[in-house]
Amino acid sequence: MTSDNKNTVSFSLKSGENPIADAVISINDLTGHTDDKGNCIFENVSPGEYDISVSAGIFDEYRDSITILDNDNNFNINLGQNSYIEKRPFEAYQGKEPYVFVSYAHNDAQVVFNELKRFNDIGIKIWYDEGFSTDSEWRDAVGDTLCKSSLHIVFITPNSVESLNVREEIFLSLGEKIPMIPIFLERTELKYGLRMHLAFTPSILKYEMPEDLYIKQCITTFRQYGFEVWPSNDLMILKGNLI
């Protein structure tokens, strides 16, 4: 049962000591996304018992029950850090050779990580957000890393369109004229100015392409921007990682 009083409910979501951005938090039929500090706020919530679920990329889905009282309600949720570290496909590239910068929503991490492993296995050096920090200094470092990259790949999904961090990286890339290839993993409505800004940017529509054609287009794209793809049986290696 719930009363007619309305309250503010705040969630702070972390992995170890690090905030988790772009996670989906649901309490009954209410849904919100965490910001870059891992916070999510619901307004005008009636007191009572609620079921909560948290979906955050490769973290196991979190479920619990909470009681909302007649005042401000603050909940801290920590999903731990080991599972995220264990599931990363490889460490993000930190060297001085040409590399690909990847933008994605954390909530798509499991699918995106599969793609990154395939690219890494044919010799593509990749920097991607490993999900450990979102403070202002870290964001500045991410921007600097993006500006030094040779190619920017953006994995487009409904989740990534809703991600402020992904949108900021897209706009920075366009402003700095960094070569960018959006890869659409799902049919996605482009919002928040993305439709206009990406209208003339060549894209790869993975969700509607045969797998062989998608793989060949990725390889062609990497070679077009000067990346060495190896070995000679690169197509079979990429196909092998589908299993």
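Everything discussed here concerns the structure shown above.
Everything numeric in this text was worked out from a predicted model, so none of it was measured.

Quick question: what am I supposed to make of the sheet that holds strand β9 (residues 100-103) here?
Within a sheet, adjacent strands bond to each other through the backbone by hydrogen bonds, running parallel or antiparallel. If you trace the 4 strands from one edge of the open sheet to the other, you get β10-β9-β11-β12, paired in parallel fashion. One side of each edge strand has no neighbouring strand; the edge strands of this open sheet are β10 (126-128) and β12 (180-184). On average, each strand axis in the sheet is tilted by 25° relative to the strand beside it, whichever way the strands run. Bridge count for β9 against β10 is 3 bridges, and the pairing is parallel. Bridge assignment links F101 to a residue of β10, and that residue is W127.

Sorry if this is basic, but what is going on with the packing of helix α2 (residues 109-121) against helix α7 (residues 211-224) here?
Working note: a packed helix pair is described by the angle between its axes plus the distance between those axes. Between α2 and α7, the shortest axis-to-axis distance is 12 Å and the interhelical angle comes to 55°. Regarding the angle of α2 to α7, the classification is oblique. The hand of the α2/α7 crossing is right-handed. Between α2 and α7, the contacting residues are E115, R118 and F119 on the first element and E211, Y214, I215, C218 and F222 on the second.

What is the right way to read the sheet that holds strand β3 (residues 24-27) from this model?
Pairing within the open sheet is antiparallel, and its 4 strands lie in the order β4-β3-β6-β7. Strands with a single pairing partner mark the edges of an open sheet, and in this sheet they are β4 (30-33) and β7 (62-68). Along the sheet, successive strands turn relative to each other by an average axial angle of 25°, direction set aside. The sheet contact formed by β3 and strand β6 (residues 48-55) spans 4 bridges and is antiparallel. Its bridge partner being in β6, I25 is matched across the sheet by V54.

How should I be thinking about the pattern of salt bridges in this particular structure?
Should the charged atoms of two oppositely charged side chains come close, the side chains can pair. Scanning the entire structure with this criterion turns up 8 salt bridges. Of the charged contacts in the structure, one is a salt bridge between D121 and K117, with a shortest N-O distance of 2.9 Å. Linking D121 with K117, this pair stays in helix α2, spanning 4 residues, or about one helical turn. Between E211 and R118 there is a salt bridge, with its nearest N and O atoms 2.7 Å apart. Taken together, the positions of E211 in helix α7 and R118 in helix α2 put the pair 93 residues apart, joining distant regions of the chain. On the accessibility criterion, R118 (3% relative accessible area) is buried. In the salt-bridge network here, residues are joined through shared partners; they are E115, R118, K206 and E211.

Whenever I open this one, the nonpolar core confuses me. Can you help?
Soluble globular proteins: nonpolar side chains tend toward being buried together. Judged by nonpolar contacts, the single largest core of 37 residues is most densely connected at F119, F155 and F222. Those elements that provide at least two residues to this core are β9, α2, β10, α3 (136-147), β11 (151-156), β12 and α7. Grouped together as the second largest cluster of nonpolar side chains are 20 residues, I20, I25, F42 and I52 included.

Can you help me understand the packing of aromatic side chains in this one?
In this description, an aromatic ring pair is defined by two values, namely the gap between the centres and the angle between the planes. Inspection of the entire model under this criterion finds 9 aromatic pairs. On the numbers, 5.9 Å between centres and 90° between planes, the contact of F11 with F42 is edge-to-face. With F11 in strand β1 (residues 7-15) and F42 in strand β5 (residues 39-45), this residue pair connects regions lying 31 residues apart in the sequence. As far as the burial class goes, F11 and F42 line up, both buried. Following the ring pairs from residue to residue traces out a cluster consisting of F90, Y104, F113 and Y128. In this arrangement the basic side chain of R167 is found over the ring face of Y192, its NZ or CZ atom lying 4.2 Å from the centre. Directly above the aromatic system of Y214 lies the positively charged group of K206, at a separation of 5.0 Å from the ring centroid.

Help me understand the side chain of N7, please; the structure alone is not making it clear to me.
On the secondary structure map, N7 appears in strand β1. Setting aside anything within four residues of it in sequence, one finds N7 in contact with F42, E43, N44, V45, S46, P47, L69, D70, N71 and N73.

Would you take a moment to explain α2 for this structure?
Helical geometry note: an α-helix holds 3.6 residues per turn, so side chains three or four residues apart project in the same direction. With 13 residues, α2 ought to run about 18 Å at 1.5 Å a step, and its terminal C-alpha atoms sit 18 Å apart, in line with that. Regarding α2, the residues found buried are A109, V112, F113, E115, L116, R118 and F119. Trailing α2 by a residue or two, G123 shows a phi angle of about 95°, which is positive.

What counts and what doesn't
Every chain is numbered independently, its residues counted from 1 as its sequence is written. Given that this is a predicted model, residues contribute local features only at a pLDDT of at least 70 and side-chain atom pairs are listed and counted only at 80 or more, while totals for whole chains, interfaces and linings are drawn from all residues. Just so you know, side-chain values use all the structure's heavy atoms and leave hydrogens and water out. When DSSP locates at least two bridges between a pair of strands, those strands are taken to pair. Put simply, DSSP marks the helices as runs of H or I at least four residues long and the strands as runs of E at least two long, and each gets a number from the N terminus on. For helices, the axis comes from a line fit to the C-alpha atoms of the stretch in contact; other axes are also lines fit to C-alpha atoms, and the angle between any two N-to-C directions lies between 0 and 180 degrees. Any angle that is under 35 degrees is reported as roughly parallel, and any over 145 degrees as roughly antiparallel; angles of 65 to 115 degrees are reported as roughly perpendicular and all others as oblique. Crossing handedness: left-handed means the near helix sits turned counterclockwise from the far one by under a right angle, and right-handed means the same turn made clockwise. Residue contacts are counted whenever heavy atoms from the two residues lie within 4.5 Å of one another. The salt bridge definition used is simple: a Lys or Arg side-chain nitrogen within 4 Å of an Asp or Glu carboxyl oxygen. A 1.4 Å probe rolled over the protein chains alone gives each residue an accessible area, and that area as a share of the maximum for its type sets the label: buried under 20%, exposed over 50%, partly exposed in between. Among the buried residues, those of types Ala, Val, Leu, Ile, Met, Phe, Trp, Tyr and Cys that are joined through side-chain atoms within 4.5 Å form a nonpolar core. Two aromatic rings from Phe, Tyr or Trp, using only the six-membered ring of Trp, form a pair when their centres are within 6.5 Å; if the ring planes differ by under 30 degrees the pair is stacked, by over 60 it is edge-to-face, and anything between is tilted. The criterion for a charge sitting over a ring is simple: Lys NZ or Arg CZ within 6 Å of the ring centre, and within 35 degrees of the ring normal. To estimate how far a helix should extend, the number of its residues minus one is multiplied by 1.5 Å.

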